[in-house]
Amino acid sequence: MDGFHTFEERRGKLLDMIDRLRPVLDGIDIQETTGKLDVVHDRVKSDTFKVMVVGEFNRGKSTVINALLGEHVLPSYAQPCTAVINEVKWGEERRVRLHPMPVNGQDVAPVDIGIDELADHVTIEEGEDGRPRPNPYARAEVFWPLPLCRNRVEIIDSPGLNEAAERELITHGYLDQADALVMVLMAISPVSLSEQTFLNAYVRGRGHHDAFFLFTRIDDVPEAERASTMKTVRGRLSRYSTRENRIYFVNARGMLEGRIAQDHGRMEASGMLPFEAELERFLTSERGRLKVLVPALRLKNVLTDARRGIETLRGMLQKSAADLRRDYEAQQGPLRQVEHRHRLIMSRVDTHLRDIADEVGVRARAFYRETANDMEQWVLEIPLESKLKGFNPATKKAQGAAVQAELSEKLSAKLQNASADWQETELREFVEARVEGLRDEIGEDLTELVDRIDAIRYELAAVPRPDSVDEGASGIERVLAAGLGTVLGGPGLGFAGANFGFKGVAKAVVPTLGVVVLGAALGFTAFPVFLAVVAVNLVGVAIQGDTAEKNLKAKIAREYANRLRDQTDTIVTDLVAEVRNQLGKVREVIDQGIEAEVRGLRQEAENALARREADEADTSEVLRELARHSSTLNDLDEDLAEFIKEVAVPVTGEGPDLT
């Protein structure tokens, strides 16, 4: 596992530089800058590689995970079994922590159980009516002393993609947090309609271009047919997998048994080893590089803040306490003007974001109305394998139910695919473009605001203002860097936005909206009762063949379309509410960023004044300490620049150039 070793070395170097910077920040005592360093440190310290395994039931997800881990960690049965998200991670002791579903919108305290109780709590149980019972838990953390997990890898086992809609939404919500997505399919029945729907909606539609595809039970395909089966599968996946080394045909059970028995022959024959090698390379060379590069760039911002803090503190300490207090009081008027400009900018931000949410509502309503109109034609064009034949009422009822079930599956797939296409081609592009458009709307004002804050800072310090205070960072980038680290969630999203501008902010907002859009489509999968009523109403009609099928289709199409029309207002209201929630995070980024700039200036001045008043006679020792801190910053600048160059420009086979 040389890749993981290299990643740990780089992560250790970054943590070492953070530790070297901390005494400098303690010396200048600016809490705002220290807080930024804490965000970087906590992310580097706690970040892990999240590998999410998805697939329909009975495809072998849990067996694949157990094969990766080399032990029977997760329960694996021949029927649908995984009811909750299972997060397998490193732990010295084997234990499980269950996280209950919220109750009335309120979080419930987690519950610790023994590892031998895991299957009793995370598997699907049927009630007396044969239907799955609701599981009270959202996820389970499974702690296990496994070599793979020691390398900071977390394996996430998800409920089946064709399980209850609310469980599917939990799975979909995790997709954007995953560093690697592994989809498990079955070689003996590859790429079903529902799997194609998932691929369209959640892999291609949401930009998961790096997904891995594992086809289990390849050993069950007759040897003479394997080559043609593999060729067919690769052809079907060509639109979803454009990278090499992403499709594998494996015997996961053989790998698990071989790993437990330490039988390297069986492990080689399983086909899992090439997949594991490529997964490690991808995690450590591509995702791992970003996991250290992006916080390294944020660390560079903190270094710039620290250097500015030393320069201004040194200047302020050259003044007497009385002169510094007088000058600081004189700057209160300009500071109030800055705060007034802050409020004006936020008013423009509010108007811009409100317009985005309103326009999303208009576009969504038009999409769903157009989709409802299209549904009738969709249904008529759907070819059916189930047929209506004969006049026997008992037979006709069963036939109607079969037609209903087939139409339900195919209509749901069509609606999900249409929703995914709309999300990707219209919603995503519109929201990203409009959020990025904030740069044009407020960029100049933010730059002027930051310039004014710096002017006050250097006037107070009575030192010349450097030509390039932030080494190329604009005012808008400074505001984002100050406000983004703790606002947007998800692995890497906050850091990416903080360093790559509004584009990063916009891309962090859209995925959650996609969950709402596709969640609305998933809501239409629960149609058995609704469609069955339609089918039963036609049972007594003495028609057969194409006429019966056409009449049944027409009736179902009208009912389906009317239901969508009836629910459009609710769907759009929920979507707009989530848009406003996500855009509220954008507002919070900007608002907190400006506040952080003003707060940092006040802290610098007030700390300098406190030091001057406490040691009026002699500040020479403090100035010597600042000189030592400046020297430390110079060394850190050189080391960090070399580190960034090393990580951003890869060696052969280490992934794309990130410069």
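Residues numbered from 1 in each chain as written. Predicted model: local features only at pLDDT ≥ 70, side-chain atom pairs only at ≥ 80, totals over all residues. Heavy atoms only, no water.

Q: Is there a simple way to think about the overall build of the protein in this case?
A: Along the backbone of the protein there are 20 helices and 9 strands. Considering the protein as a whole, with its 659 residues, one finds that 53% of them fall into the buried category. Partitioning the contacts of the protein with sequence separation of at least 6, the portion at a separation of at least 24 is 82%. Split by element, the accessible area of the protein, about 28,900 Å² in all, is 49% carbon and sulfur. (Helix = DSSP H or I, 4+ residues; strand = E, 2+ residues; numbered from the N terminus. Buried < 20%, exposed > 50% of the residue type's maximum accessible area, 1.4 Å probe, protein only. Contact = heavy atoms within 4.5 Å. Areas by Shrake-Rupley, 256 points an atom, 1.4 Å probe, with all protein chains shown as cover.)

Q: Looking at this model, I keep getting lost on the sheet that holds strand E8 (residues 212–216). Mind explaining?
A: Strand pairs in the sheet, formed through backbone hydrogen bonds, run parallel or antiparallel to each other. Taking strand neighbours across the sheet as the criterion, the 9 strands line up as E4-E3-E5-E2-E6-E1-E7-E8-E9 in an open arrangement whose pairing is mixed. Two strands in the sheet have a free side with no partner beyond their single neighbour: strand E4 (111–113) and strand E9 (247–249). Between one strand and the next, the sheet's axes are offset by a mean angle of 20 degrees, whatever the strand orientation. (Pairing = 2+ DSSP bridges. Axes fitted to C-alpha atoms, helices over the stretch in contact; angles between N-to-C directions.)

Q: Sorry if this is basic, but what is going on with the pattern of salt bridges here?
A: For side chains bearing opposite charge, pairing can occur when the charged atoms are close. Scanning the entire structure with this criterion turns up 51 salt bridges. Between Arg22 and Asp38 there is a salt bridge whose closest N-O contact spans 2.8 Å. Linking Arg22 in helix H1 (residues 2–28) with Asp38 in helix H2 (residues 31–46), this pair joins segments that are 16 residues apart in sequence. Residue Arg22 is classed as partly exposed on the basis of its relative accessible area, which comes to 22%. The salt bridge involving Arg348 is made with Asp445; its shortest N-O contact spans 2.3 Å. Taken together, the residues span a long stretch of sequence, with Arg348 in helix H13 (residues 332–381) and Asp445 in helix H15 (residues 438–461) at a distance of 97 residues. Classification of Arg348 by relative accessible area gives partly exposed; the value is 33%. On the accessibility criterion, Asp445 (17% relative accessible area) is buried. Residues joined by salt bridges that share partners form a network here, namely Glu87, Lys89, Arg139, Glu141 and Glu154. (Salt bridge = Lys/Arg side-chain N within 4 Å of Asp/Glu carboxyl O.)

Q: Looking at this structure, how should I read the packing of aromatic side chains?
A: Two aromatic rings, taken as a pair, are described by how far apart their centres are and by the angle between their planes. This structure, assessed with the given rule, holds 9 aromatic pairs. Each ring, one from Phe4 and one from Phe49, has its centre 6.0 Å from the other, and the planes form 65 degrees; the classification is edge-to-face. Of the two residues, Phe4 sits in helix H1 while Phe49 sits in strand E1 (residues 49–54), which places them 45 residues apart along the sequence. A relative accessible area of 3% means that Phe4 is categorised as buried. A centroid spacing of 5.8 Å and a plane angle of 70 degrees characterise the contact between Phe212 and Phe282, whose relative ring orientation is edge-to-face. (Phe/Tyr/Trp six-rings, centres within 6.5 Å; stacked < 30°, edge-to-face > 60°.)

Q: For this particular structure, what's the right way to read the pairing of strand E2 (residues 85–90)?
A: Most of E2 is tucked away, with 5 of its 6 residues classed as buried. Bridge count for E2 against strand E5 (residues 137–144) is 6 bridges, and the pairing is parallel. What sits directly across from Asn86, in E5, is Ala140. Pairing of E2 with strand E6 (residues 153–157) involves 3 bridges; the strand directions are antiparallel. Paired with Glu87 across the bridge in E6 is Ile156.

Q: Can you help me understand the environment of Arg234 in this one?
A: Note on placement: Arg234 falls in helix H8 (residues 223–236). Here the alpha-carbon distance between Arg234 and Ile247, two residues 13 residues apart in the chain, equals 7.5 Å. Here Arg234 is in contact with Ile247 and Phe249, once residues within four sequence places are set aside.

Q: Sorry if this is basic, but what is going on with the nonpolar core here?
A: The nonpolar side chains of a soluble globular protein tend to be buried with one another. With 139 residues, the main nonpolar core has Leu21, Leu69, Val88, Ile155, Phe275, Leu283 and Ile590 as its most contacted residues. Those residues in contact with Leu283, other than ones at most four positions away along the chain, are Phe4, Phe49, Val51, Val153, Asp179, Ala180 and Gly288. Residues Val54, Ile85, Val191 and Leu237 belong to the second largest nonpolar core, which totals 26 residues. (Core = buried A, V, L, I, M, F, W, Y, C linked by side-chain atoms within 4.5 Å.)

Q: I'm lost on the confidence of the model for the protein in this one. Help?
A: Close inspection of predicted coordinates is inappropriate in any region flagged by low pLDDT. Scored by pLDDT, the protein comes out at a mean of 80, with 79% of its residues at no less than 70. Segment residues 486–500 is flagged for pLDDT under 50; beyond a separation of four residues in sequence, or across chains, it makes 41 contacts in the model. (pLDDT = per-residue confidence, 0-100.)

Q: In this structure, what is going on with the pairing of E6? I would like to understand it.
A: One face of the sheet, then the other: side chains in a regular strand alternate in exactly this way. With 5 of 5 residues buried, E6 lies mostly within the body of the structure. Burial along E6 is two-sided: Val153, Ile155 and Asp157 and Glu154 and Ile156, pointing in opposite directions, are all buried.

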